[in-house]
Amino acid sequence: MSIQITLDGRPVSTQAGANLVDVAAEHGVYIPTLCYLKGKPCLGTCRICSVSVNGRIAAACTVSVSDGMIVAVDEPALADMRKALIEMLFIEGNHNCPSCEKSGRCDLQAVGYDVGMLVPRFPYRFTPHQREVGAERIWLERDRCIFCQRCVDYIHDQHSGQKIFTIKGRGSNARIEIDKTLADQMSAEQVREAAELCPVGCIIEKGVGFNRPIGERKFEIKSVRQRALEDDV
Ligand code: SF4
Ligand code: SF4
């Protein structure tokens, strides 16, 4: 059913029930995301797509549009709130981009650039997270995990359907875990898929680090904003 919403003061025609992140992108409005993947079930974990919907703050990836909805994205207070959420992700982990295999291909880094983050306004926590290197072809650089849950919900053992990744613990004790037995049964394609799916440099495919020269990496060719607006993610 065709409906109309107001997007940053502009009337916009779309389909009832469409995802707000997608509707905004189709009409040239970029909403940053980290956990959201178009076409996959919404996770709603990272909240960096927070916008105003009918005057209330909501994670855009969790919103299905309906007729008459009034959405604000491009307002200074909302932009600053999203920037603060990105900063929190940086201070919760240990992110040293120049030495990271995912640099140039990392959604968190790319979105950090897009929102104009320089130095976080919050103190770094320097929480130690031990890396996990026991699986044959995957290692987990836990310091960089943002607990988006993509790997948990989208990567399963191809035979049993069991989860391969899980999040254990809560708060500062939360950590991403991998079932090493199931991980060692993953196909090469599935290992690559998991590493690509991870929006940061936490799931690393062993033996292929730094295989793209500087200047040729994903977000050096096209920004995260351009990719989202051109549906080229
Ligand atoms: S995961 Fe991303 S933000 Fe973190 S160190 Fe690596 S490139 Fe930087
Ligand atoms: S390992 Fe990567 S994909 Fe999995 S929860 Fe952490 S950040 Fe998300």
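Shown above is the structure to which this text applies.
Now for a description of the structure that goes with this document.

Conventions adopted
- Residues numbered from 1 in each chain as written.
- Chains lettered and ligands numbered in written order.
- Predicted model: local features only at pLDDT ≥ 70, side-chain atom pairs only at ≥ 80, totals over all residues.
- Helix = DSSP H or I, 4+ residues; strand = E, 2+ residues; numbered from the N terminus.
- Rg over C-alpha atoms; globule rule 2.2 N^0.38 Å.
- Buried ≥ 20, exposed ≤ 12 C-beta atoms within 10 Å, placed from the backbone.
- Contact = placed C-beta atoms within 7 Å.
- Near = placed C-beta within 6 Å.
- Nonpolar A, V, L, I, M, F, W, Y, C, P; charged D, E, K, R; others polar.
- Pairing = 2+ DSSP bridges.

### A short note on the overall build of the protein chain
Step number 1: Looking only at helices and strands, the protein chain features 8 helices and 9 strands.
Step number 2: What you see for the protein chain is a C-alpha radius of gyration of 18 Å, in line with the 17 Å of a compact globule of 233 residues.
Step number 3: By its C-alpha atoms, the protein chain is 55 × 40 × 35 Å across when sized along the principal axes.
Step number 4: For the protein chain, the residues scored as buried account for 34% of the 233 residues in total.
Step number 5: Partitioning the contacts of the protein chain with sequence separation of at least 6, the portion at a separation of at least 24 is 64%.

### A few points about the site of ligand 2
Step number 1: Looking at ligand 2, there are 15 residues lining it, with C145, C148, C151, C198 and C202 nearest.
Step number 2: Of the residues assigned to the shell around ligand 2, the class counts are 13 nonpolar, 1 polar and 1 charged.

### Topic: the pairing of strand β7 (residues 165-168)
Step number 1: When β7 meets strand β8 (residues 175-178), the two strands line up antiparallel, connected through 4 bridges. Looking at the pairing, I167 lines up with I176 of β8.
Step number 2: Counting the residues between successive antiparallel strands, the hairpin from β7 to β8 contains 6 residues, one of them, G169, with a positive phi of roughly 80 degrees.

### Looking at unusual backbone geometry
Step number 1: Look at D8: it is not a glycine, yet its phi comes out positive at around 50 degrees.
Step number 2: Structurally, D8 is set in the loop between β1 (2-7) and β2 (10-15).
Step number 3: Here R47, not a glycine, exhibits a phi torsion of approximately 65 degrees, which is positive.
Step number 4: Tracing the backbone shows R47 in the loop between α1 (20-26) and β3 (50-53).
Step number 5: With 20 C-beta atoms counted inside 10 Å, the residue R47 sits in the buried group.

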